[in-house]
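Single-letter residue listing:
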Amino acid sequence: MNRYNLTIHQAHQLLKKRELSSLELTRAVLERIARVEKKVHAFVTVTEDEALHQAAQADERIRGGEITPLTGVPVLIKDNICTKAVTTTCSSRMLENFVPPYDATVVEKLRDAGMVMVGKGNMDEFAMGSSNEHSAFFPTCNPWDLERVPGGSSGGPAVGVATGEAVYAIGSDTGGSIRQPAGFCNVVGMKPTYGRVSRYGLVAFASSLDQVGPLTRDVTDSALVMNTIAGYDPRDSTSANYPVPDYTESLIPDLKGLNLGVPREYFLEGMQRGVEETMRSAIAALEELGATVDWEVSLPHTKYGLSAYYIIAPSEAMANLARYDGVKYGFSYDGESMWDDMEKTRGYGFGPEVKRRIILGTYALSAGYYDAYYLKAQKVRTLIRREFEQAFERYDALITPTSPTVPFKIGEKVDDPLQMYLSDVCTLPINIAGIPGISIPAGFCDGLPVGMQILGKPFSEEMLLRIGFAYEQANGWWERRPQLEKGSAVAGDLKRG
Amino acid sequence: MKLSREDVLHLATLCRLGLSEEEIERLQEQLSHILENFEVMQQVDTSDVPPTAYPIPLENVVREDEVAPSLPQSDILANAPHQEEGYFRVKVVLEQ
């Protein structure tokens, strides 16, 4: 097997036995980047020199007998997570030259574990989007079909893991931004419970919905990254002061005694037939592993999730993005007056989707509309949350598709915001409720990946990992890698700038 | 809900967002379409339902007010587009 295709736990075994050095592994990954990056555009920045330096440090640490499961294993970090002295652009003109003076807590934790960072991952601008087409620099391409989107907003991180341009990645998920691209690229993507992972240093989008999480090749790797990044952080007052278990202990390969529910509202009208069929056989496989499956669960408020989300998220975004005024950092326009500077800074610095959401959020919060939109959405939020609470009194987990379709064509939905929003219809309610969700590879439909989403009550990440692990052990979908070298068309060579 | 051109301009002023003529027109059309679709939310009976601001129960989080190191001024100003003598520099705010 090519070194760049190793999982974290496979690489760790070799590093520990000194059959492989971090430098060798890092070089293999950097060579892979040099070969495939011009086809997929997963990176905003490749940090080759720093990576080699960190790999040498990791090797020294390993020689000293001090190794953790993540020591010396190359990672790709989404470009909205602050990395000290390395630009953090949010794939926006606004932050194109922004160099953070500090590390996000997750990055600090990875550094302590012996991080080797190979670069920063491309994304939809400020994490607003479902296809990576809203990056201000260039779109990322799906490695399974370069004419299709990789999903978003963590498209770069998902593609990096799928292609071997990194062994694992860290993303953020506000309405599906880890799970949907993971599903579209045949990798594992975990959105932990709201508050499980610190968001200090994550550039804020919608503060009551944002959460940081891992994108990995398999479920074991997801557990290993969670072991390192989860936990309370006094610098994030919304982080949960709740004990962190050893997530690898939940990796049991059978599902005996578990009650699973399949909410029928997630098999919606207009869903792609092949996705539905793939999901039905994946769920049948869970039954074979010993789980009892109730196929007739109903969560009737699901259909209001999309509207509630697209009122709440833009309202919070509008407030969070008020800080980009051209004064403290970021792009700054030099115009006629202070107000002219500010309006033009924001007018030129933000792309179309960000502007759309700022205006939408401003509308929902403005005098006369607040009760009808923002407050109403918050009340609907309560109902969606309660519905999940009630379901988890009866079921250990719920199973749904991650997305109603396979990856769509680049350009197909970019001019129709509502169609684009619908691509996240299965993932949004999970952020609204604050519960954890994981997407795992569940098969293919016309050669394109289909993701299965597993949902649980707050702080039940262990249950999700257990179900994902059992499924993965019995079905080898995760082992399939996209063939970038032969036959696939090279996408337009869009360069930054 | 149909948004007028004046509605979009008013919103743009509230959030200090410069928009081109083309953007104003496009936003007027797109936002009207989006809001029309969100009308479905009004069907939900939410009388006696309290709003949720955060998905996990959280009251005001307080901590001891302890002195701790913070970033040096030069680090904070390093990304500033315009600075002068340790301050962020902006154009005149209140004109005479």
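Everything numeric in this text was worked out from a predicted model, so none of it was measured. (Residues numbered from 1 in each chain as written. Chains lettered and ligands numbered in written order. Predicted model: local features only at pLDDT ≥ 70, side-chain atom pairs only at ≥ 80, totals over all residues. Heavy atoms only, no water.)

Engineer: Give me the lowdown on the side chain of Asn431 of chain A, citing residues and values where you can.
Structural biologist: Residue and element names in this part refer to chain A. Relative to the assigned elements, Asn431 resides in helix H14 (residues 428-433). A distance of 3.2 Å separates a polar side-chain atom of Asn431 from the backbone oxygen of Asp173. In terms of polar contacts, Asn431 uses its side chain to reach the backbone carbonyl oxygen of Leu209, at 3.4 Å. Excluding residues that lie within four positions of it along the chain, Asn431 makes contacts with Asp173, Thr174, Gly175, Gly176, Arg179, Lys191, Ser208, Leu209 and Arg381. (Helix = DSSP H or I, 4+ residues; strand = E, 2+ residues; numbered from the N terminus. Polar contact = N/O pair within 3.5 Å; in protein donor to acceptor, adjacent residues only side chain to side chain. Contact = heavy atoms within 4.5 Å.)

Engineer: Account for the interface of chain A and chain B, naming residues and giving values.
Structural biologist: On the side of chain B, 48 residues touch chain A, which itself brings 65 residues to the contact. Taking both sides of the interface into account, the surface hidden between chain A and chain B amounts to around 5200 Å²; carbon and sulfur atoms contribute 68%. At the boundary of chain A and chain B, one finds 4 salt bridges. Of the charged contacts in the structure, one is a salt bridge between Arg16 of chain B and Glu343 of chain A, with a shortest N-O distance of 2.8 Å. In this structure, the connection of chain A to chain B is made through 20 residue pairs in polar contact (both at pLDDT 80 or more). Those elements giving two or more residues to the side of chain A that touches chain B turn out to be helix H9 (305-320), helix H10 (338-349), helix H11 (352-365), helix H12 (371-394), helix H13 (417-422) and H14 of chain A. Ranked by the residues each element gives to the side of chain A that touches chain B, the list is headed by H12 of chain A, at 13 residues. Residues belonging to the side of chain A that touches chain B are distributed by class as follows: 33 nonpolar, 18 polar and 14 charged. (Buried area = accessible area lost by both parts, 1.4 Å probe. Salt bridge = Lys/Arg side-chain N within 4 Å of Asp/Glu carboxyl O. Nonpolar A, V, L, I, M, F, W, Y, C, P; charged D, E, K, R; others polar.)

Engineer: Can you lay out the nonpolar core for me, pointing to particular residues and giving the numbers?
Structural biologist: One finds Ile81, Tyr168, Ile170, Met452, Ile454 and Ile467 of chain A to be the most contacted residues of the largest nonpolar core, which totals 100 residues. The biggest single contributor to this core is helix H15 (residues 461-474) of chain A, with 7 residues. The contact partners of Tyr168 of chain A, leaving out residues within four places of it in the chain, are Ile8, Leu70, Val73, Pro74, Val75, Leu76, Leu110, Val161, Leu215, Thr216 and Val225 of chain A. Met318 and Ala377 of chain A together with Ile24 and Phe38 of chain B belong to the second-largest nonpolar core, a separate cluster that totals 72 residues. (Core = buried A, V, L, I, M, F, W, Y, C linked by side-chain atoms within 4.5 Å. Buried < 20%, exposed > 50% of the residue type's maximum accessible area, 1.4 Å probe, protein only.)

Engineer: Give a detailed account of the pairing of strand S11 (residues 448-455) of chain A, specifying residues and quantitative values.
Structural biologist: Residues and elements named next belong to chain A. A large share of S11 lies buried, amounting to 8 of its 8 residues. As judged from the 4 bridges shared by strand S9 (residues 397-401) and S11, these two strands associate in the antiparallel manner. Bridge pairing in S11 links Pro401 to Met452. One ladder, built from 7 bridges, connects strand S10 (residues 437-445) with S11; its direction is antiparallel. (Pairing = 2+ DSSP bridges.)

Engineer: How would you explain the sheet that holds strand S7 (residues 259-263) of chain A if you had to name every residue and give the values?
Structural biologist: Residue and element names in this part refer to chain A. An order of S1-S3-S2-S4-S6-S5-S10-S11-S9-S7-S8 is seen for the 11 strands of this open sheet, with the pairing classed as mixed. Taken across any chain shown, the strands that pair with only one partner, and hence form the sheet edges, are strand S1 (43-46) and strand S8 (292-297). Adjacent strand axes in the sheet meet at a mean angle of 30° when their direction is disregarded. Here helix H3 (residues 48-63) sits on the sheet and contacts S1 and strand S3 (116-121); the angle it forms with S3, its principal contact strand, is near 150°. (Axes fitted to C-alpha atoms, helices over the stretch in contact; angles between N-to-C directions.)

Engineer: Describe the packing of H9 of chain A against H11 of chain A, and please don't skip the residues or the numbers.
Structural biologist: Residues and elements named next belong to chain A. Close contact between H9 and H11 brings their axes to 7 Å; oriented N to C, the two are set at 100°. Here H9 is positioned roughly perpendicular relative to H11, judged by the angle of their axes. For the pair formed by H9 and H11, the contact residues are Tyr310, Ile311, Pro314, Ser315 and Met318 on the first element and Arg357, Ile358, Leu360, Gly361, Thr362, Ala364 and Leu365 on the second. Its residues assigned to classes, the contact of H9 with H11 comprises 8 nonpolar, 3 polar and 1 charged. (Parallel < 35°, antiparallel > 145°, perpendicular 65-115°, else oblique.)

Engineer: Explain a nonpolar patch on the surface to me, using residue names and the numbers behind them.
Structural biologist: A grouping of Tyr54, Leu58 and Val61 of chain B is seen on the molecular surface, where their side chains present a nonpolar patch of about 240 Å² in accessible area. Of note, Tyr54 of chain B is situated in the loop between helix H2 (21-38) and helix H3 (73-77). (Patch = residues over 30% accessible without salt bridge, like charges linked within 9 Å, V, L, I, M, F, W, Y side chains within 5 Å. Areas by Shrake-Rupley, 256 points an atom, 1.4 Å probe, with all protein chains shown as cover.)

Engineer: Please provide a residue-by-residue account of the packing of aromatic side chains, values included.
Structural biologist: What the rule picks out here adds up to 19 aromatic pairs over all chains. Judged by centre distance (6.1 Å) and plane angle (55°), the rings of Phe444 of chain A and Trp477 of chain A are tilted. Linking Phe444 of chain A in strand S10 with Trp477 of chain A in the segment after H15, this pair joins segments that are 33 residues apart in sequence. The class of Phe444 of chain A is buried, set by a relative accessible area of 16%. The class of Trp477 of chain A is partly exposed, set by a relative accessible area of 26%. Here a set of aromatic residues connected by ring pairs shows up, and it is made of Phe98, Phe126, Tyr324, Tyr329 and Phe350 of chain A. For Arg280 of chain A, the ring lying beneath its charged end belongs to Phe267 of chain A, and the centroid distance is 5.0 Å. Over the face of the ring belonging to Trp339 of chain A we find Arg16 of chain B, whose NZ or CZ atom lies 3.7 Å from the ring centre. (Phe/Tyr/Trp six-rings, centres within 6.5 Å; stacked < 30°, edge-to-face > 60°. Lys NZ or Arg CZ within 6 Å of the ring centre and 35° of its normal.)

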